[in-house]
Amino acid sequence: MAAASAVSCTADAWRTVREHAATAWPREACGLLIGHAMPEGWRIVRAAPAANRASDPAQAFELDPGARAAWQRRLREAGGAEAVIGHYHSHPGGAPRPSAADRARAEEEGLIWLIVAADTAGAGAAAAFFAEAAHTLRGVSFLPDAES
Ligand SMILES: [Zn+2]
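One structure accompanies this document, and this report is about it.

Cut-offs used in this document
Each chain carries its own residue numbering, running from 1 in the direction its sequence is written. Predicted model: local features are reported for residues with pLDDT of at least 70 only, side-chain atom pairs are reported and counted for 80 or more only, and whole-chain, interface and lining totals are derived from all residues. Think of it this way: any DSSP run of H or I at least four residues long counts as a helix, any run of E at least two long counts as a strand, and we number them from the N terminus. In a helix, the anticipated span is given by 1.5 Å times the number of residues less one. Exposure in this text rests on C-beta crowding, where 20 or more other C-beta atoms within 10 Å of a residue's own make it buried, 12 or fewer make it exposed, and counts in between make it partly exposed. The C-beta atoms are placed from the backbone. Comment: arc refers to directions from the helix axis out to C-beta atoms. Whether two strands pair comes down to DSSP finding at least two bridges between them. The convention used is that axes are lines fitted to C-alpha atoms, helices contributing only their stretch in contact, and that angles between N-to-C directions extend from 0 to 180 degrees. Each residue gets a C-beta atom placed from its backbone, and two residues are in contact if those atoms lie within 7 Å.

Another point: helix α2 (residues 65-78). Helical geometry note: an α-helix holds 3.6 residues per turn, so side chains three or four residues apart project in the same direction. Helix length check: α2, at 14 residues, gives a terminal C-alpha distance of 20 Å against a target of 20 Å (1.5 Å per residue), a fit within 8%. Sparse coverage of α2 is indicated by the burial of 0 of its 14 residues. In the stretch just after α2, Gly79 is the one whose phi turns positive, near 75°.

In this model, helix α1 (residues 11-24) (14 residues) spans 20 Å end to end at C-alpha, consistent with the 20 Å of a helix rising 1.5 Å per residue. For α1, the set of buried residues is Ala13, Trp14, Val17, Arg18, His20, Ala21 and Ala24. Relative to the axis of α1, the buried residues are bounded by an arc of 160° and lie together on one face.

A regular strand places its side chains so that they alternate between the two faces of the sheet. Of the pairings in the sheet, the one linking strand β1 (residues 6-9) to strand β3 (residues 41-50) comprises 4 bridges and is parallel in character. Bridge pairing in β3 links Ala6 to Gly41. Sheet topology places β1 next to strand β7 (residues 136-144); 4 bridges connect them, and they run parallel. Each bridged residue has a counterpart across the sheet, and for Val7 the counterpart in β7 is Phe142.

Here we take up the sheet that holds strand β4 (residues 83-92). Ordered in space as β1-β3-β2-β4-β5-β6-β7, the 7 strands form a closed barrel in which the pairing is mixed. The mean inter-strand angle of the sheet, taken between neighbouring strand axes irrespective of direction, is 35°. In this structure, strand β5 (residues 112-119) lies alongside strand β6 (residues 122-133), joined through 7 bridges in antiparallel fashion. Across the sheet, the residue bridging to Ile112 is Phe130, located in β6. Contacts between α1 and the sheet are confined to β1, β2 (30-38), β3, β4, β5, β6 and β7, with β3 contributing the most and set at about 40° to the helix.

Following this line, the structure appears as structure tokens:
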């Protein structure tokens with residue numbers, strides 16, 4: 001999977017991320033991305049909003065660790081191909097690029113990071129990254145499905 005370079009996303013999951021980014025404003029929204037690996041990359045089939053436990057949620061995000069554990073257990077019990085493949089968060093008033101703090105906190109390899117800009121008008125541009133090594137977030141294409 002190291003060479004994979006694209007993340008696709010169902011329209012429903014993408015709408016969930018955008019709506020969460022808009023409603024969390026001016027705080028950072030965060031949540032889990034659930035999906036599976038594909039030959040060309042990854043497919044997000046569901047976004048699961050989670051609580052932002054950061055002490056200053058307008059400046060940072062810290063995913064509720066209990067949310068990930070609960071989803072992993074639920075997905076394992078379901079027995080399907082889906083897994084927690086990464087997470088999303090919003091950048092209120094910022095660009096969809098990893099901040100220095102994001103890179104510092106990106107210690108777990110193999111996760112997809114989806115970052116979406118947000119402002120008073122709602123969610124804006126988004127970009128996806130793959131944590132190919134600790135503190136190394138490589139940009140990958142983000143290709144959400146069109147709304148039907
Ligand atoms: Zn960030």
